[in-house]
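A look at the structure
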Amino acid sequence: TMKRLFSTSHSSVDSKEMKKFQLLAHKWWDEEGEYSALHSMNEIRVPFIRDTLLNMSSNYHMGSPLSGVKILDVGCGGGLLSEPLGRLGALVTGIDPLEDNIRTADQHKSFDPVLAKRIHYKSSSLEEIVEECMETFDVIVASEVVEHVADLEMFIKCCSQVLKREGSLFITTINKTQLSYVLGIVVAEKIMGIVPEGTHEWEKFVPPEELECLLESNGFSVKTVNGMLYNPLSGSWSWMESTSINYAMHAVKSGARGQSSPADAPSETESEQPSAAAGTAV
């Protein structure tokens with residue numbers, strides 16, 4: 001009998017964060033709106049996930065490179081990342097504690113019959129699905145999520161529980177630096193309005209060293225940490241060496257062969273690196 005691992009009375013979901021995103025639940029698919037930076041982030045985060053997984057596998061399906069791969073998209077919102085992963089052939093489960101987000105995601109998915117078969121959305125927190133999904137997924141994606149959770153260590157433990165051995169965990173988030181405060185909150189929220197004011201709390205930003213330590217103490221091996229830069233003038237993302245603002249991390253659950261090697265970031269996503277001063281954290 002599976003012992004209850006995590007009490008749902010102690011949740012990783014932050015009720016204050018829920019209220020912020022409740023107001024924007026109907027705006028996920030407005031590419032010029034509040035989530036425009038997340039739309040453009042797909043240009044680098046989707047190839048990063050795809051190429052990392054392909055580097056670890058000998059199985060390649062033309063046209064559907066992620067065919068059959070079971071992915072959990074945690075904090076899926078309106079499905080901005082779930083859909084492109086589904087188009088690559090993955091079987092995606094998207095979870096989000098906000099029912100309005102799930103309604104938006106379901107509605108948008110329904111426009112494409114192929115995606116309707118490959119993607120399943122559920123209004124749920126991560127810890128609520130632990131018991132029913134023990135070691136179920138090949139891949140977990142938590143993009144722009146960990147800076148909003150109430151209990152990061154509990155969140156990482158739950159990821160480990162629902163991920164198969166040798167499975168991959170992809171995280172994108174914001175570093176906790178003076179630069180990330182200036183660009184991510186002062187410039188992005190208060191001056192340029194790239195994201196709504198109050199979206200982020202600098203105190204909840206996570207340094208990569210802290211995240212790596214948490215992951216490794218919970219049975220993960222961190223393979224890749226890449227810096228990310230958002231240019232508000234072009235509305236585009238690029239890889240950069242520095243992780244002082246945004247960064248992407250790939251970790252593998254214990255027992256992995258660990259053949260991942262996108263340490264330089266996927267070649268097709270590389271671009272000439274602008275200066276950090278021109279970037280804004282989102």
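Reading the values: rules and limits
Residues numbered from 1 in each chain as written. Predicted model: local features only at pLDDT ≥ 70, side-chain atom pairs only at ≥ 80, totals over all residues. Heavy atoms only, no water. Helix = DSSP H or I, 4+ residues; strand = E, 2+ residues; numbered from the N terminus. Buried < 20%, exposed > 50% of the residue type's maximum accessible area, 1.4 Å probe, protein only. Contact = heavy atoms within 4.5 Å. Areas by Shrake-Rupley, 256 points an atom, 1.4 Å probe, with all protein chains shown as cover. Pairing = 2+ DSSP bridges. Axes fitted to C-alpha atoms, helices over the stretch in contact; angles between N-to-C directions. Phe/Tyr/Trp six-rings, centres within 6.5 Å; stacked < 30°, edge-to-face > 60°. Parallel < 35°, antiparallel > 145°, perpendicular 65-115°, else oblique. Left-handed = near helix turned anticlockwise from the far one by under 90°.

What follows is about the overall build of the protein chain. When helices and strands are counted, the protein chain shows 8 helices and 8 strands. Across the 282 residues of the protein chain, 55% fall into the buried class. In the protein chain, 76% of the contacts between residues at least 6 apart in sequence involve partners at least 24 apart. Per element, the accessible surface of the protein chain, about 12400 Å² overall, is 50% carbon and sulfur.

One non-glycine residue, Glu144, lies in the positive phi region at around 60°. Relative to the assigned elements, Glu144 resides in the loop between β4 (137-143) and α6 (152-162). A relative accessible area of 11% places Glu144 in the buried class. Although it is not a glycine, Glu166 sits at a positive phi angle of roughly 70°. Within the secondary structure layout, Glu166 lies in strand β5 (residues 163-174).

Time to look at the environment of Thr224. Within the secondary structure, Thr224 is located in strand β6 (residues 220-231). On the basis of relative accessible area, Thr224 is assigned to the buried category, the value being 3%. For the pair Thr224 and Ala251, spaced 27 residues apart in sequence, the C-alpha to C-alpha distance is 7.1 Å.

Among the structural elements, Ile95 can be located in strand β2 (residues 91-96). Ile95 sits in the buried class, given a relative accessible area of 1%. Residues Ile95 and His120, 25 residues apart in the sequence, show an inter-C-alpha distance of 8.6 Å. Excluding residues within four positions of it along the chain, Ile95 makes contact with Leu72, Asp73, Val74, Gly75, Cys76, Ile102, Lys122, Ser124, Ser125, Leu126 and Ile129.

Within the open sheet, the 8 strands sit side by side as β3-β2-β1-β4-β5-β8-β6-β7. Their pairing is mixed. For this open sheet the edge positions go to β3 (119-123) and β7 (236-240), each flanked by a neighbour on one side alone. Taken over all neighbouring pairs, the strand axes of this sheet differ in orientation by 20° on average, direction set aside. Where strand β1 (residues 70-74) meets β4, 3 bridges bridge the pair, whose relative direction is parallel.

Moving on, we get to the packing of aromatic side chains. Inspection of every chain in the model, using the stated rule, returns 4 aromatic pairs. Measuring from centroid to centroid gives 3.8 Å for Trp28 and Tyr35, while their planes differ by 0°, and the two rings are stacked. Aromatic pair Phe48 and Trp239: ring centres 5.2 Å apart, planes at 55°, arrangement tilted. Of this pair, Phe48 sits in helix α2 (residues 36-56) while Trp239 sits in strand β7, and the two are 191 residues apart along the sequence. With respect to class, Phe48 is no different from Trp239; both count as buried. Cluster of aromatic residues (ring-pair linked, three or more members): Phe48, Phe170 and Trp239.

So, about the packing of α6 against helix α8 (residues 208-216). Between α6 and α8, the least distance of the axes is 10 Å, while the angle of their chain directions is 45°. The angle between the axes of α6 and α8 places the two elements in the oblique class. When the axes of α6 and α8 are compared, the crossing they make is right-handed. On α8, the residues that touch Leu152, Glu153 and Ile156 of α6 are Leu211, Leu214 and Leu215.

That is the geometry; function is a separate question.
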